[in-house]
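This is what each chain is made of:
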Amino acid sequence: MDKLKCPSFFKCRVKEKVTASSENFHVGENDENQDRGNWSKKSDYLLSMVGYAVGLGNVWRFPYLTYNNGGGAFLIPYAIMLALAGLPLFFLECSLGQFVSLGPVSVWRILPLFQGVGITMVLISIFVTIYYNVIIGYSLYYMFASFQSELPWKNCSSWSDSNCSRTPIVTHCNVSIHGTEMQVNMSWIHANNFTCINGSEVYQPGQLPSEQYWNKVALQRSSGMDETGEIVWYLALCLLLAWIIVGAALFKGIKSSGKVVYFTALFPYVVLLILLIRGATLEGASKGISYYIGAQSNFTKLSEAEVWKDAATQIFYSLSVAWGGLVALSSYNKFNNNCFSDAIVVCLTNCLTSVFAGFAIFSILGHMAHISGQEVSQVVKSGFDLAFIAYPEALAQLPGGPFWSILFFFMLLTLGLDSQFASIETITTTIQDLFPKVMKKMRIPITLGCCLVLFLLGLVCVTQAGIYWVNLIDHFCAGWGILIAAILEIIGIIWIYGGNRFIEDIEMMIGAKSWIFWLWWKACWFVITPVLLIAILIWSLVKFQRPTYGEISYPDWGVALGWCMIIFCIIWIPIVAIIKIVQAEGNIFQRIVSCCKPAPNWGPYLEQHRGERYKNMVEPKKEIDHEIPTISGSRKPE
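Numbers given to residues run from 1 along each chain, matching the order in which its sequence is written. Thresholds applied to this predicted model are a pLDDT of at least 70 for local features of residues and 80 or more for the giving and counting of side-chain atom pairs; totals over whole chains, interfaces and linings are not thresholded and use all residues. Values shown for side chains rest on all heavy atoms present in the structure; no hydrogens or waters enter the calculation.

Trainee: Before we move on, can you summarise the overall build of the chain with the specific residues and values?
Mentor: The helix and strand inventory of the chain stands at 26 helices and five strands. Computed over C-alpha atoms, the radius of gyration of the chain comes to 28 Å, within 12% of the 26 Å expected from 2.2 N^0.38 for 638 residues, which places it in the range of a compact globule. If you line up the chain on its principal axes, its C-alpha atoms span 115 × 55 × 50 Å. By residue count, 56% of the 638 residues in the chain fall in the buried class. Every residue pair with non-hydrogen atoms within 4.5 Å of one another is taken to be in contact. Within the chain, contacts between residues at least 6 apart in sequence are counted, and of these 79% link residues at least 24 apart. Values of accessible area rely on a 1.4 Å probe in the Shrake-Rupley scheme; residue burial ignores everything except the protein chains shown. Accessible surface, the chain: about 26400 Å² in total, of which carbon and sulfur atoms supply 63%. Residues counted as positive are Lys and Arg, residues counted as negative are Asp and Glu, and His and the chain ends are not counted. Note on charges: their place is set at NZ of Lys, CZ of Arg, CG of Asp or CD of Glu. Looking at the chain, you have 43 positive and 43 negative side-chain charges, and the mean spots of the two groups are 10 Å apart. Going along the chain from the N terminus, every DSSP run of H or I of four or more residues is numbered as a helix, and every run of E of two or more is numbered as a strand. The quantity called the radius of gyration is restricted to C-alpha atoms. Its globule counterpart is 2.2 Å times the number of residues to the power 0.38. Here the term buried applies to any residue with accessible area under 20% of the maximum for its type, exposed to any over 50%, and partly exposed to those in between, with areas from a 1.4 Å probe on protein chains only.

Given below as structure tokens:
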């Protein structure tokens with residue numbers, strides 16, 4: 001910079017400051033936070049949060065749980081658990097991230113002893129992103145396979161075996177041999193040209209073409225986790241494409257992903273509406289709706305503890321609390337954003353989406369039951385089976401099946417992608433907080449590098465044993481680790497840091513509220529929510545069952561590996577706590593007490609928001625030592 005061209009030293013610093021900011025393509029000129037950046041619009045944030053919360057589970061898990069737990073009666077414990085567990089945790093995490101403008105690890109300046117909780121959240125998010133993109137890859141494969149005049153899984157074909165049938169298969173029957181009635185198998189009958197005696201047939205269920213297509217063609221599934229087999233090349237390519245899409249959407253951070261979610265978050269609603277209208281016009285649709293919610297509702301189910309546990313678990317996982325993503329996304333909000341109204345809007349949208357999706361899914365499953373002569377209970381499957389067997393089977397029977405199939409799997413694709421965007425943003429936000437200088441200069445390489453590493457780690461999930469790995473990671477990592485993190489999060493912030501103190505922090509952002517306003521939140525944060533989460537954790541451990549996929553049990557080494565994964569995620573909680581205590585000064589009691597107090601640099605990120613309560617906080621080391629803080633209002637001079 002040529003000082004002779006500057007009318008004053010001060011103005012030169014202004015120019016240099018602007019240039020430094022302009023190098024950060026993820027920071028806009030009008031952003032309040034010129035270090036980290038902010039959402040371009042409030043709608044970018046809300047749609048990103050909706051996309052993160054509304055995922056694949058809304059389409060396949062919630063409808064099945066509703067059917068399985070009393071139909072419409074299940075909505076009662078579901079709504080109660082939303083109020084008792086979902087909303088309080090959601091509001092807490094949104095407020096926490098927005099208050100300090102930091103990700104899920106650095107935000108634990110609030111309570112250094114618990115910083116390992118943030119590391120656990122990020123590690124679990126990393127494990128989940130590995131297999132979640134594999135499911136997106138499945139959706140891509142099925143979408144591409146649907147571009148045919150007839151869906152390949154509509155009928156049994158060369159890839160199927162003798163068990164492929166939509167109707168029960170006769171395995172044995174009685175025949176008369178020299179006046180003596182004997183039961184023989186069908187292969188003997190065909191070989192000897194005998195005829196079954198009417199009414200003596202013994203049946204076994206056949207495997208649907210869509211089921212055999214899923215196992216034999218799409219997955220090329222091996223006999224178990226012990227038989228890894230080869231990488232299924234077309235699934236690997238679909239996985240690579242999924243990661244390319246994620247990387248392309250995130251290369252500018254929230255500035256690019258905030259625009260992509262306008263499509264990925266809204267398009268699923270268009271498809272669900274189209275599928276609902278189409279499904280409602282099909283014969284037998286009312287039968288499916290009745291099984292889902294209606295005449296078949298069973299209110300006696302409300303007396304069963306399992307129903308309430310399922311409602312609490314579904315709310316907990318559906319809203320994506322304790323994964324770190326809510327903190328990361330909220331950290332890019334402007335300080336005075338109304339995070340309370342955001343929490344209400346996103347939570348209600350998520351839950352209503354689940355209910356709405358159930359109508360679309362079960363109307364078509366009701367039609368499938370009607371044409372096959374079965375009960376809806378016989379065609380309802382949970383998890384992967386609903387998405388990749390039962391529903392494709394139903395779509396294959398519709399006129400114009402390929403069109404409806406393309407729509408459905410493209411909807412699954414968009415549902416998965418925006419959840420994946422937020423998960424990767426959680427990881428990159430953590431890196432940005434820990435290494436701000438590096439991230440500012442190398443955001444694109446780091447983001448793409450994360451995608452590449454996670455793609456390579458995910459290759460084991462697209463082998464012939466891949467589905468077993470996907471199911472294993474989901475069973476262990478997306479379970480107890482998240483519950484443990486959530487329990488420690490609420491205990492640390494509300495019971496140790498102080499619930500009333502945290503409420504004062506929130507009021508610095510959204511303004512003072514009456515004691516009546518906070519009465520419900522205090523009741524939940526201090527007592528109801530932590531007790532509920534602890535009960536769910538204990539219940540889950542007591543009811544632990546060895547993971548299986550279908551009828552196939554996992555080997556001992558597979559179960560041991562699952563426990564190792566979850567231990568690896570949560571072990572950082574005590575490790576980091578010990579490190580913090582060792583680094584502190586004084587006797588053991590004094591060290592623990594000091595680690596249970598906020599770090600000196602805890603508080604709002606920008607000086608202009610610190611007020612009297614945080615005016616003496618110690619600031620993080622500045623990245624541009626010569627910047628003039630009074631221009632941006634973000635730093636005091638050193």
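Trainee: I'd like to hear about a nonpolar patch on the surface, residue by residue, with values.
Mentor: Like-charged residues are merged into a patch within 9 Å and nonpolar side chains (Val, Leu, Ile, Met, Phe, Trp, Tyr) within 5 Å, provided each residue has over 30% relative accessible area and no salt bridge. Here, a salt bridge means any side-chain nitrogen of Lys or Arg that lies within 4 Å of a carboxyl oxygen of Asp or Glu. On the surface, a nonpolar cluster with roughly 730 Å² of combined accessible area is contributed by Phe 144, Phe 147, Trp 233, Leu 237, Leu 240, Leu 241 and Ile 244. The biggest single contributor to the nonpolar patch is helix α8 (residues 233–250), with five residues. Of note, Leu 240 is situated in helix α8. What makes Leu 240 partly exposed here is its relative accessible area of 34%.

Trainee: Mind laying out the pattern of salt bridges, listing which residues take part and the relevant values?
Mentor: Per the stated rule, a full pass over the model turns up 13 salt bridges. Across the pair Glu 504 and Arg 613 runs a salt bridge, and its minimum N-O distance is 3.5 Å. In this pair, Glu 504 is assigned in helix α21 (residues 480–510) and Arg 613 in the loop between α25 (588–595) and α26 (629–632), connecting sequence segments 109 residues apart. Using a relative accessible area of 41% as the deciding quantity, one classes Glu 504 as partly exposed. With a closest N to O distance of 2.9 Å, Glu 612 and Lys 615 form a salt bridge. One network of salt bridges, with partners in common, ties together Glu 306, Lys 309 and Asp 310.

Trainee: Lay out the state of the cysteines with the relevant residues and their values.
Mentor: Note on terminology: a disulfide is the covalent bond linking the sulfur atoms of two cysteines. Cysteine sulfur pairs qualify as disulfides if the two atoms are within 2.5 Å. A complete count under the given rule lists one disulfide for this structure. What pairs with Cys 156 in a disulfide is Cys 164, and their sulfur atoms sit 1.9 Å apart. One quick way to see it: the torsion about the S-S bond of Cys 156 and Cys 164 is about -90°, and its sign makes the bridge left-handed. In this structure Cys 164 comes out as buried when scored by relative accessible area, which is 10%.

Trainee: Tell me about the nonpolar core, and name the residues and values.
Mentor: Phe 90, Trp 214, Phe 388, Phe 408 and Trp 525 are the most contacted members of the largest nonpolar core, which totals 193 residues. With 18 residues, the single largest contributor to this core is helix α5 (residues 115–145). Setting aside chain neighbours within four positions, we find Phe 388 in contact with Trp 60, Ile 135, Tyr 138, Ser 139, Tyr 142, Ser 210, Trp 214 and Phe 409. Only buried Ala, Val, Leu, Ile, Met, Phe, Trp, Tyr and Cys residues count toward a nonpolar core, and they belong to the same one when joined by side-chain atoms within 4.5 Å. In terms of nonpolar packing, the next biggest core, distinct from the first, is built from seven residues, Cys 173, Val 184, Ile 189 and Cys 196 among them.

Trainee: Can you break down the packing of aromatic side chains residue by residue, with the values?
Mentor: Here is the rule: rings of Phe, Tyr and Trp (six-membered ring for Trp) pair when centre to centre is within 6.5 Å. Planes less than 30 degrees apart are stacked, more than 60 are edge-to-face, and the remainder are tilted. Considering all chains together, one arrives at 57 aromatic pairs under this definition. Centroid distance Tyr 142 to Phe 388: 5.5 Å. Interplanar angle 45°. Geometry classified as tilted. Of the two residues, Tyr 142 sits in helix α5 while Phe 388 sits in helix α16 (residues 383–396), which places them 246 residues apart along the sequence. The class of Tyr 142 is buried, set by a relative accessible area of 1%.

Trainee: Give a description of unusual backbone geometry that names residues and reports values.
Mentor: Although it is not a glycine, Ser 320 adopts a positive phi angle of roughly 60°. Structurally, the position occupied by Ser 320 is in the loop between α12 (305–318) and α13 (325–330). Its identity as a non-glycine residue notwithstanding, Ala 322 has a phi of 70°, on the positive side. For Ala 322, the position within the fold is in the loop between α12 and α13.

Trainee: Can you explain the pairing of strand β2 (residues 180–185)? Please cite residues and give values.
Mentor: What makes two strands pair is DSSP finding at least two bridges between them. Pairing between strand β1 (residues 169–177) and β2: six bridges, direction antiparallel. Considered in β2, the bridge of Asn 174 is made with Gln 183. Here β1 folds back onto β2, and the loop between the two strands holds two residues, one of which, His 178, carries a positive phi near 55°.

Trainee: Which residues make up the packing of α5 against helix α20 (residues 466–477), and what values go with them?
Mentor: To obtain each axis, a line is fitted to C-alpha atoms, and for helices this fit is confined to the stretch in contact; angles are then taken between N-to-C directions over 0 to 180 degrees. Interhelical geometry of α5 versus α20 gives an angle of 140° and a closest axis separation of 10 Å. It follows from the interaxial angle that α5 and α20 lie oblique. When the axes of α5 and α20 are compared, the crossing they make is left-handed. The segment α5 lies against α20, with Ile 124, Phe 127, Tyr 131, Val 134, Ile 135 and Tyr 138 engaging Gly 466, Ile 467, Val 470, Ile 473, Asp 474 and Cys 477. Across the contact of α5 with α20, the residue classes tally to 10 nonpolar, one polar and one charged. Note on terminology: angles under 35 degrees are roughly parallel, angles over 145 are roughly antiparallel, angles of 65 to 115 are roughly perpendicular, and the others are oblique. Each crossing gets its handedness from the near helix: less than a right angle anticlockwise from the far helix is left-handed, clockwise is right-handed. Side-chain classes are defined by residue name, with Ala, Val, Leu, Ile, Met, Phe, Trp, Tyr, Cys and Pro counting as nonpolar, Asp, Glu, Lys and Arg as charged, and the others, Gly among them, as polar.

Trainee: Give me the UniProt feature "binding site: Na(+)" (unreviewed entry) in the chain: which residues, what numbers.
Mentor: UniProt positions are given in the numbering used here, feature names are shortened, and annotations may be inferred rather than shown by experiment. Taken from the UniProt record, the annotation "binding site: Na(+)" (unreviewed entry) applies to Gly 51, Ala 53, Val 54, Asn 58, Ser 318, Asn 350, Leu 415, Asp 418 and Ser 419. Spanning 369 residues, the named residues nonetheless gather at one spot, since no C-alpha pair among them exceeds 13.8 Å. Take Asn 350: it is sitting in helix α14 (residues 339–372). In this structure, Asn 350 is in contact with Ala 53, Val 54, Asn 58, Ser 318 and Leu 319, ignoring residues within four places of it in sequence.

Trainee: Lay out the side chain of Glu 489 in plain terms, naming residues and giving numbers.
Mentor: With respect to the secondary-structure elements, Glu 489 resides in helix α21. Notably, Glu 489 is buried but unbridged: the nearest opposite-charge side chain belongs to Arg 36, and the N-O separation is 15 Å. Excluding residues that lie within four positions of it along the chain, Glu 489 makes contacts with Leu 89, Leu 92, Glu 93, Trp 108 and Met 121.

Trainee: Break down helix α24 (residues 572–583) for me, with residues and values.
Mentor: Taking 1.5 Å as the rise per residue, α24 with 12 residues should run 16 Å; its terminal C-alpha atoms sit 16 Å apart, in good agreement. The set of residues buried in α24 consists of Ile 573, Val 576, Ala 577 and Ile 581. Taken down its axis, α24 places every buried residue within 135° of arc, on the same side. Structural note: α24 exposes Ile 578, Val 582 and Gln 583 on the side pointing more than 90 degrees away from its buried face. Along its buried surface, α24 packs onto α5, α21, α23 (556–570) and α25. Between the first and last residue of a helix there are one fewer steps than residues, each counted as 1.5 Å, and that sum is the expected span. The arc refers to the directions leading from the helix axis to the C-beta atoms.

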